Amino acid sequence: MTTPWEQSQQRLQDLLSDRAVFGLSVEETAELWELQPDGWDDEIDTMDRTAATCCLGLGIDVTDPLPTSLRNRIGADAKRAMGCEPQ
Amino acid sequence: MLRRRKWLFALLYRSTKLFDSHEIPILCQTILQRVAAGDSSAVDDCLAQYGALVWSLARRHSPNYSDAEDAVQEAFLGIWQGAARFDPEKGSETTFITTIVRRRLIDRHRKRGRQLDTASLENQPVATRENHTEQVAISEEATMVRQRMASLRPAERRVLELAISEGMSHSEIAESTSMPLGTVKTHARRGMIRLREMLEADSATRLTEAET
């Protein structure tokens, strides 16, 4: 027999896992924010990091470089935002 | 290892004047720490080091080429904004960047509210798992997670592979594996929670070893 607190903890874990792997709907996101106590940002980060590590462990093809025009655009925008003139 | 790095930092701190406002010697800073410190050359280094990784992830989760380009721009914006939060003690730079990029891509996919349509990428170089001639430098954490994934139940591992590596939704996995939708969710959740526990235990062990 699980207590309401245990049930809410279980639901919280389920939502954190779903968020990291599949993403949440608007309703589920609202439910997550309602359920999560203060200081749970770390818990969210940990689950997201686990999914990212898993993604890297499964292998990512990096044979194709970022297209040059896109790379230059992103670099120029970033430098402009930093207050530097792009070269 | 950790103690040695701190000792090296301390030595450099005393012997050079190459510091930024956070008092980390510039020579010892990671790319993201340099971005956070406002070093514009770090932007080029970051794009050179991680551009292909971000591009690959974006193509995998985008319905077409143009959307992948937008996704990459948005992802790098997230990287610049999040650079100051990077903590090398919590994980590698590659993992931190992958975390930010995946979050952005999942949110975009959710907002778009439609399924991945890889057909529109037909004329573009698309990543395939069979064509991994050059993979991203696998961090120590990633090697560890691969070993840990092997210890998950086969169904949990399969669901996580399809979701994370192939970018499939709950319903796509259910259709592809003939599992009920609820079972797919349960396998994904149990697998993730077990993986997190194992990785946290590994991390705690490494920290203890570094301090002794």
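Rules used throughout
- Numbering of residues begins from 1 in every chain and follows the order in which that chain's sequence is written.
- Chains carry letters from A onward and ligands carry numbers from 1 onward, assigned in written order.
- Per-residue local features of the predicted model are confined to residues with pLDDT of at least 70, and side-chain atom pairs are confined, for both listing and counting, to 80 or more; whole-chain, interface and lining totals are unaffected and use all residues.
- By the criteria applied, helices consist of DSSP H or I runs no shorter than four residues and strands consist of E runs no shorter than two, each listed in order from the N terminus.
- For this measure, only C-alpha atoms enter the radius of gyration; the expected value for a globule follows 2.2 Å times N^0.38, where N is the number of residues.
- We call a residue exposed when 12 or fewer other C-beta atoms sit within 10 Å of its C-beta, buried when the count reaches 20 or more, and partly exposed for counts in between; the C-beta positions come from the backbone.
- Annotation comment: domain bounds sourced from an automatic or database domain assignment.
- Note on contacts: each residue gets a C-beta atom placed from the backbone, and two residues are in contact if those atoms are within 7 Å.
- Polarity classes work like this: nonpolar for Ala, Val, Leu, Ile, Met, Phe, Trp, Tyr, Cys and Pro, charged for Asp, Glu, Lys and Arg, and polar for all others, with Gly in that last group.
- Simply put, an axis is a line fit to the C-alpha atoms, just over the touching stretch for a helix, and the angle between two N-to-C directions goes from 0 to 180 degrees.
- Crossings are sorted by hand: turned counterclockwise from the far helix by less than a right angle, the near helix makes the crossing left-handed, and turned clockwise it makes it right-handed.
- Residue-level confidence of the predictor is summarised by pLDDT, bounded by 0 at the bottom and 100 at the top.
- Throughout this description, the term nonpolar core refers to a group of buried Ala, Val, Leu, Ile, Met, Phe, Trp, Tyr and Cys residues whose C-beta atoms join them within 7 Å.
- To obtain the arc, one takes the directions from the helix axis to the C-beta atoms.

Q: How do you make sense of the overall build of chain A when you look at a structure like this?
A: Within chain A, the regular secondary structure consists of 4 helices and 0 strands. Its helices and strands in sequence order give chain A the pattern α-α-α-α, from N to C terminus. The globule rule puts the C-alpha radius of gyration for 87 residues at 12 Å, and the 20 Å found for chain A is more than 25% above it. Counting only C-alpha atoms and orienting by the principal axes, one finds that chain A spans roughly 65 × 35 × 20 Å. Within the span of chain A, comprising 87 residues, buried residues form 30% of the whole.

Q: I tried to follow the domain arrangement of chain B on my own but got confused; where do I start?
A: Many structure descriptions define interface size as the accessible area lost when the parts assemble. Segmenting chain B into domains produces domain 1 (22–117) and domain 2 (138–212). One C-alpha centre belongs to domain 1 of chain B, the other to domain 2 of chain B; they are set 22 Å apart.

Q: Got a minute to help me understand the interface of chain B and chain A in this structure?
A: Chain B puts 58 residues into the contact, and the matching count from chain A is 37 residues. For the side of chain B that touches chain A, the secondary structure elements donating two or more residues are α3 (41–60), α4 (65–82), α5 (93–112), α6 (140–150), α7 (154–165) and α9 (181–211) of chain B. The class makeup of the residues in the side of chain B that touches chain A is 26 nonpolar, 19 polar and 13 charged.

Q: Hey, could you run me through the packing of helix α4 (residues 68–81) of chain A against α3 of chain B in this one?
A: In the contact formed by α4 of chain A and α3 of chain B, the axes pass within 10 Å of each other and the chain directions differ by 145°. Handedness of the α4 of chain A/α3 of chain B crossing: right-handed. In contact with Arg 71, Ile 74, Gly 75, Ala 78 and Lys 79 of chain A of α4 of chain A, α3 of chain B contributes Val 43, Asp 44, Leu 47 and Gly 51 of chain B. When grouped by side-chain class, the residues that make up the contact of α4 of chain A with α3 of chain B number 4 nonpolar, 2 polar and 3 charged.

Q: Looking at this model, I keep getting lost on the confidence of the model for chain A. Mind explaining?
A: Predicted confidence across chain A gives a mean pLDDT of 87, with 94% of residues reaching 70 or more. The secondary-structure element of chain A with the lowest mean pLDDT is helix α3 (residues 41–58) of chain A, recorded at 87, while α4 of chain A shows the highest, at 92.

Q: Just to check I follow, could you spell out the environment of Gln 9 of chain A for this structure?
A: Checked against the element boundaries, Gln 9 of chain A lands in helix α1 (residues 4–21). Residue classification places Gln 9 of chain A among the partly exposed residues on the basis of 14 C-beta atoms within 10 Å.

Q: Would you mind showing me how to read the environment of Ser 62 of chain B here?
A: Residue and element names in this part refer to chain B. With respect to the secondary-structure elements, Ser 62 resides in the loop between α3 and α4. Since 25 C-beta atoms lie within 10 Å of it, Ser 62 is described here as buried. Between the C-alpha atom of Ser 62 and that of Ala 52, which follows or precedes it by 10 residues, the distance is 15 Å. Discounting residues that sit within four places of it in the chain, Ser 62 has contacts with Asp 67, Ala 68 and Ala 71.

Q: How should the nonpolar core be read in this particular structure?
A: If you look at soluble globular proteins, the nonpolar side chains tend to sit buried side by side. Core analysis: the biggest nonpolar cluster contains 61 residues, and Ala 51 of chain A together with Val 35, Val 54, Ala 58, Val 72, Ala 75 and Ala 163 of chain B have the highest contact counts within it. At 11 residues, the largest contribution of residues to this core is made by α3 of chain B. Composition of this core by domain shows at least three residues from each of domain 1 (22–117) and domain 2 (138–212) of chain B. Each residue touching Ala 163 of chain B, except ones within four places of it in the same chain, is listed here: Val 21 and Phe 22 of chain A together with Met 168, Ile 173 and Ala 188 of chain B.

Q: What's the story with unusual backbone geometry in this structure? I'm lost.
A: Most peptide bonds adopt trans geometry, and most residues besides glycine take a negative phi value. The phi torsion at Ser 178 of chain B lies on the positive side, around 60°, for a residue other than glycine. Counting through the fold element by element, Ser 178 of chain B comes out in the loop between α8 (170–177) and α9.

Q: Hey, could you run me through the environment of Arg 190 of chain B in this one?
A: Residue and element names in this part refer to chain B. For Arg 190, the position within the fold is in helix α9. Judged by C-beta crowding, with 19 C-beta atoms within 10 Å, Arg 190 ranks as partly exposed. C-alpha separation for the pair Arg 190 and Glu 89, spaced 101 residues apart in sequence, amounts to 26 Å.

Q: It is not clear to me how α6 of chain B should be interpreted in this structure. Could you clarify?
A: Side chains of residues three or four places apart in an α-helix project in the same direction, reflecting 3.6 residues per turn. Regarding α6 of chain B, the residues found buried are Glu 141, Ala 142, Val 145, Arg 148 and Met 149 of chain B. Mapping the buried residues of α6 of chain B onto a view down its axis gives an arc of 120°, with all of them on the same face. The exposed residues of α6 of chain B that point more than 90 degrees off its buried face are Glu 140, Gln 147 and Ala 150 of chain B. If you follow the buried residues of α6 of chain B, they end up packed against α3 of chain A together with α5, α7 and α9 of chain B.

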